[in-house]
Amino acid sequence: MATASFQSQLIAMQSNLLNFAYKLTNNSDDAQDLLQDTTLKVLDSESKFAEGTNFKGWVFTIMRNIFINNYRRVVRTATVVDKTEDLYHLNLPQESGFETPEGSFAANEITAAINSFSDEYRIPFSMHVAGYKYNEIAEKMNLPLGTVKSRIFFARQRLQEMLKDYAY
């Protein structure tokens, strides 16, 4: 499909896409953001569109997939996994933890332990904890993906070994 035709079809669908985005999000601002993300993704993916395919269905599928991926990301970041034997952390009140002297001491110990790592382990581990994905870390550090994963794994193991006295 020619670029001008592709773009004009996309522009003609903007109001339909906004309605669909609003039905998905139930929020005007989120719907506008979803519309913008979808429009950019469609424009970036123009070369992937196969001639003879239902253009409207293709665009709406992209929007739905972006919405689902964003929703999953939000759920994943809000999930708390308690790996203690007796689910100790789930039974704690929300205010407990780092506000206590022991909690702040433990946080300082963890930070000091992480800072003691060499840059080759500390930087990818810190980026991973900050929420970067493995492939983003590999790209930023110009390293193979497997190297990044192994460095994070070894940093996590070393941190667990250094802080084994805090295990419940």
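See the structure shown above.
Computed from a prediction, not measured in an experiment: that's the story for all the values here. (Residues numbered from 1 in each chain as written. Predicted model: local features only at pLDDT ≥ 70, side-chain atom pairs only at ≥ 80, totals over all residues. Heavy atoms only, no water.)

**What about a positive patch on the surface?**
Here is step 1: On the surface, a cluster of positive charge is contributed by R72, R73, R76 and K133.
Here is step 2: With respect to the element layout, R72 can be found in helix 4 (residues 55–78).
Here is step 3: With relative accessibility at 52%, the residue R72 sits in the exposed group. (Patch = residues over 30% accessible without salt bridge, like charges linked within 9 Å, V, L, I, M, F, W, Y side chains within 5 Å. Areas by Shrake-Rupley, 256 points an atom, 1.4 Å probe, with all protein chains shown as cover. Salt bridge = Lys/Arg side-chain N within 4 Å of Asp/Glu carboxyl O. Lys, Arg positive; Asp, Glu negative; His and termini not counted. Charge placed at Lys NZ, Arg CZ, Asp CG, Glu CD. Helix = DSSP H or I, 4+ residues; strand = E, 2+ residues; numbered from the N terminus. Buried < 20%, exposed > 50% of the residue type's maximum accessible area, 1.4 Å probe, protein only.)

**Regarding the packing of aromatic side chains**
Here is step 1: Applying the stated criterion across every chain yields a total of 9 aromatic pairs.
Here is step 2: Note on F6 and F55: the rings are 5.1 Å apart at their centroids and 75° apart in plane angle, and the pair reads as edge-to-face. Of this pair, F6 sits in helix 1 (residues 3–12) while F55 sits in helix 4, placing them 49 residues apart in sequence. Across the pair, F55 and F6 agree in class, each one buried. (Phe/Tyr/Trp six-rings, centres within 6.5 Å; stacked < 30°, edge-to-face > 60°.)

**With respect to the side chain of T38**
Here is step 1: With respect to the secondary-structure elements, T38 resides in helix 3 (residues 28–44).
Here is step 2: Once residues lying within four places of it in the same chain are set aside, the contact partners of T38 are V59, I62, M63 and I66. (Contact = heavy atoms within 4.5 Å.)

**What to know about the packing of helix 7 (residues 134–141) against helix 8 (residues 145–162)**
Here is step 1: At a minimum axis separation of 9 Å, helix 7 and helix 8 run at an interaxial angle of 110°. Of the possible angle classes, the one that applies to helix 7 and helix 8 is roughly perpendicular. Touching Y134, N135, I137 and A138 of helix 7 are L145, V148, K149 and I152, all from helix 8. (Axes fitted to C-alpha atoms, helices over the stretch in contact; angles between N-to-C directions. Parallel < 35°, antiparallel > 145°, perpendicular 65-115°, else oblique.)

**A few points about the nonpolar core**
Here is step 1: L17, V42, F55, W58 and V59 are the most contacted members of the largest nonpolar core, which totals 17 residues.
Here is step 2: Those elements giving two or more residues to this core turn out to be helix 1, helix 2 (14–25), helix 3 and helix 4.
Here is step 3: For this core, the leading source of residues is helix 4, giving 7 residues.
Here is step 4: Those residues within four positions of L17 in sequence are excluded, and the remaining contacts are L10, L35, V59, F60 and M63. (Core = buried A, V, L, I, M, F, W, Y, C linked by side-chain atoms within 4.5 Å.)

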